[in-house]
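# What the coordinates show
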Amino acid sequence: ETGVTQTPRHLVMGMTNKKSLKCEQHLGHNAMYWYKQSAKKPLELMFVYSLEERVENNSVPSRFSPECPNSSHLFLHLHTLQPEDSALYLCASSRTIGPSGSTGTDTQYFGPGTRLTVL
Amino acid sequence: AQTVTQSQPEMSVQEAETVTLSCTYDTSESNYYLFWYKQPPSRQMILVIRQEAYKQQNATENRFSVNFQKAAKSFSLKISDSQLGDTAMYFCAFMKHESWEGSNYKLTFGKGTLLTVNP
């Protein structure tokens, strides 16, 4: 399970802190994603990058700021978060963002997630 | 907008037995993909199986198979010869197929079914 890695695995922060989540993919993919997974809710897509360009910002508050310096790395910068932002944040990557027909190149591979707790 | 419904929040099965997880979806699209992802406790989410809507044949991957009923908008997952390692949260997901470049990435997830395999 080393295709997509995320650090840290756990993070506790206060509402006034600034922290960053890091994602790295070792699959040679061109697309990367941030998802939020809250208890008893479906996964929510937050951001999508393709070839280091953002192609989706799914109405995410500005206290979440993504950065994609190259196709292998994706960051999520956090500042002045709220307790309701506590969740598991998942990173994913795919070879392309399509269309892929039956080739499966748009299949997304997930990292282990960062469990974020905002106090 | 697409919706994915997993009506069974939790299920359990005895080791070596067969279990079926249900998933229904709502869409007006005719061309799309369906996925089952597995998320073991404290481990990363992995793709179990993928189905293209234009294919009538049900996808299979070893002990995992699907029953895809396009008219009924149903996509159930059957796990045969259940193993302890199958204990996980299972997510059904939908992706619309877009015909233009750079748009096949929006996965819509269900809330998940927690499957426990008992020894």
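All values derive from a computational prediction rather than experimental measurement.

## What to know about the state of the cysteines
Residue and element names in this part refer to chain A. All told, the structure shown has 2 disulfides over all chains when counted by the stated rule. Covalent S-S linkage joins Cys23 and Cys91, the inter-sulfur distance amounting to 1.9 Å. On the sign convention where negative is left-handed, the bridge of Cys23 and Cys91, at about -70° about the S-S bond, is left-handed. Of this pair, Cys23 sits in strand 3 (residues 18-25) while Cys91 is found in strand 9 (residues 87-94), placing the two residues 68 residues apart along the sequence. Among the residues examined, Cys23 registers a relative accessible area of 0% and is labelled buried. In this structure Cys91 comes out as buried when scored by relative accessible area, which is 0%. The thiol of Cys68 is not disulfide-bonded; the next cysteine sulfur, from Cys91, is found 9.1 Å away. For Cys68, a relative accessible area of 11% corresponds to the buried category.

## As for the pairing of strand 5 (residues 44-50) of chain A
Residue and element names in this part refer to chain A. Counting buried positions along strand 5 yields 6 of 7 residues, so the element is predominantly enclosed. Inspection of the sheet shows strand 4 (residues 31-37) paired to strand 5 by 6 bridges, in the antiparallel sense. By the bridge assignment for strand 5, Met32 is matched with Tyr49. Adjacent in sequence and paired antiparallel, strand 4 and strand 5 are bridged by 6 residues, among which Lys40 carries a positive phi angle near 60°. Bridging between strand 5 and strand 6 (residues 53-57) involves 4 bridges; their strand directions are antiparallel.

Reading the values: the criteria
- Residues numbered from 1 in each chain as written.
- Chains lettered and ligands numbered in written order.
- Predicted model: local features only at pLDDT ≥ 70, side-chain atom pairs only at ≥ 80, totals over all residues.
- Heavy atoms only, no water.
- Disulfide = S-S within 2.5 Å.
- Helix = DSSP H or I, 4+ residues; strand = E, 2+ residues; numbered from the N terminus.
- Buried < 20%, exposed > 50% of the residue type's maximum accessible area, 1.4 Å probe, protein only.
- Pairing = 2+ DSSP bridges.

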